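What follows is each chain in one-letter form.
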Amino acid sequence: MRTLSLASRNLLRNRRRSLTTLLAMTIGMVAILIFGGYSSSTKYGLQTGSVQQFGHLQIQRQNYFSDGGDNPSAYGIGNYQRMVDAIKRDPVLAPMLAVVTPSLQLGGVAGNYQTGDSRSVMASGVVAEELNQMLSWNDYALTSYAQPLPLIGTPENAVVIGNGVARKLGLCRALQVADCRQGPAKTAADTQSAPDDITALSALERSALPPGNETRIEMLSASAFGAPNVVSLSVVKAQNMGLKAIDDVYIAMHLSQAQKLIYGSAPPQVTGIAVQLQHTDQMPAARERLTQLLATDFKDEALEVLDFGTLYPMYGQSVAFMDSVFGFIAVLIGVIVLFTIGNTMSTAVVERTVEIGTLRAIGLRRAGIRRLFVCEGVLLGVLGAALGVLCAALAAYAINHSGLSYTPPGYVYAYLVQVRVLEDMGLLLGSVLGLVVVAVFSAWWPATRASKLLIVDALRHA
């Protein structure tokens, strides 16, 4: 207690130097927490978007992810409903589950007969109710940009398309898409005639629908038997899908419609079964149990379990980038704080040489001198950390309520700038502990040098 009292008095006696050091530590702490909180918010935001779209885990045919994206008929899962029921009934998995839903991914060409426009698309056959439940996952209480699909209660031929698809197919006016520049409508002379068999298929599909539907499109895809198949679809809405690469090719349809397009009257299949958990930290246990379940109950099926990081590689790349930048900034600030406190303590040793000699003369051992200077470093570290946390919390609140936004590379709309400081206890405790450790380490060498001063040499400076 005497050491702590002496250390406090020494810091107060040299207020200007102590405040300068404290200011440097506080600024460093604020910088670490603000950037760390921004990095944390970005990583959790990417994770939330990935889990909303893909689920935490997904069951697929082996090699479908690497080789089968354009060939759903060769990598379909036939007994998918029995698999879904087995996962939901499993006593180990059931408490972890949020949603288990099948999906069918397929490619094709979408065309608007009235405008003569067409483009290649990637369609997803989904169970609308279950997909919307997946899109509501928000375990970190972040600002969610997921838009539920308005397919619930719609006819089987209803679809939702990306804004980019609407622009490419000349549907901006019909769907009332905001900020969508649509070119002039093409005439028959401007477009090349399709092959006779494709034209006949399209005419057959159009004849089944009432005339005058301005949001009707046709989609051509290869069936499981290799022959082309065309369906006429009714677009209920165009949505901004965030990423331009997805927005320009995205179509969502009912799973039953997608299965008819690919498999016709044959038994329906899916290309994936998404498993969304309550919490991300349950992934290792859930993956292990899923692997065991597939190896026992479905051992005849060549299946594999992939996580959302594999399905969305950009997530891992972005996390690695943010971690590297944050690590560089943390090391840089740590070095600055290290030299600032080291310089403060070294100056204190020079100015207090006589005091050190007097304390040694009255019986204070070298360990006591060392402990006194280290205690001053600890006090500076604790005070700097406390003030840094307070200032960072206030700055984070101001940033989160400022409405600042930015458009990430490759995205088509802006995201709010969010900073997680008090919400991320790992970052908070790690930063506080790191600053205190740096303060102790930077005070140790001057404290050791002070403890080695000879009593006679120290008193000679009086």
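Description of the structure in this document. Treat the numbers as computed from the prediction; the structure is a model and nothing was measured.

What to know about the pattern of salt bridges
When their charged atoms lie close together, side chains carrying opposite charge are able to pair. Applying the stated rule across the entire model yields eight salt bridges. A salt bridge links R61 to E301, with the nearest nitrogen and oxygen atoms 2.8 Å apart. Of this pair, R61 sits in strand β1 (residues 57–61) while E301 sits in the loop between α11 (283–297) and β9 (303–307); the two residues are 240 residues apart in sequence, bridging distant segments of the chain. Owing to a relative accessible area of 18%, R61 belongs among the buried residues under this scheme. R289 is the partner of D90 in a salt bridge, and the nearest nitrogen-oxygen pair spans 2.6 Å. Of the two residues, D90 is situated in the loop between α4 (80–89) and β2 (97–112) and R289 in helix α11; the sequence distance between them amounts to 199 residues. When its relative accessible area of 23% is taken as the criterion, R289 is described as partly exposed. In this structure, a network of salt bridges that share partners links the residues R167, K244 and D248.

Structural notes on the nonpolar core
The biggest cluster of nonpolar side chains holds 68 residues, and the ones touching the most others in it are I59, M83, I87, I161, M219 and I251. For I87, the contacting residues outside a window of four places in its chain are I59, L93, L97, V100, V275, L290 and L293. Counting 26 residues, the second-largest nonpolar core is a separate cluster that includes M29, V30, A385 and V421.

Describing helix α2 (residues 15–54)
Along its 40 residues, α2 runs 57 Å from first to last C-alpha, staying within 8% of the 58 Å computed at 1.5 Å per residue. After α2 finishes, the residue G55 shows a positive phi value of roughly 80 degrees.

Focus: the environment of I341
Note on placement: I341 falls in helix α13 (residues 313–351). Here I341 falls in the buried class, since its relative accessible area comes to 0%. Once the C-alpha coordinates of I341 and T21 are considered, the two residues, 320 residues apart in sequence, prove to be 6.4 Å apart. The residues contacting I341, other than those within four sequence positions of it, are T21, M25, A439, S442 and A443.

Calculation notes
Residues numbered from 1 in each chain as written. Predicted model: local features only at pLDDT ≥ 70, side-chain atom pairs only at ≥ 80, totals over all residues. Heavy atoms only, no water. Salt bridge = Lys/Arg side-chain N within 4 Å of Asp/Glu carboxyl O. Helix = DSSP H or I, 4+ residues; strand = E, 2+ residues; numbered from the N terminus. Buried < 20%, exposed > 50% of the residue type's maximum accessible area, 1.4 Å probe, protein only. Core = buried A, V, L, I, M, F, W, Y, C linked by side-chain atoms within 4.5 Å. Contact = heavy atoms within 4.5 Å. Expected span 1.5 Å × (residues − 1).

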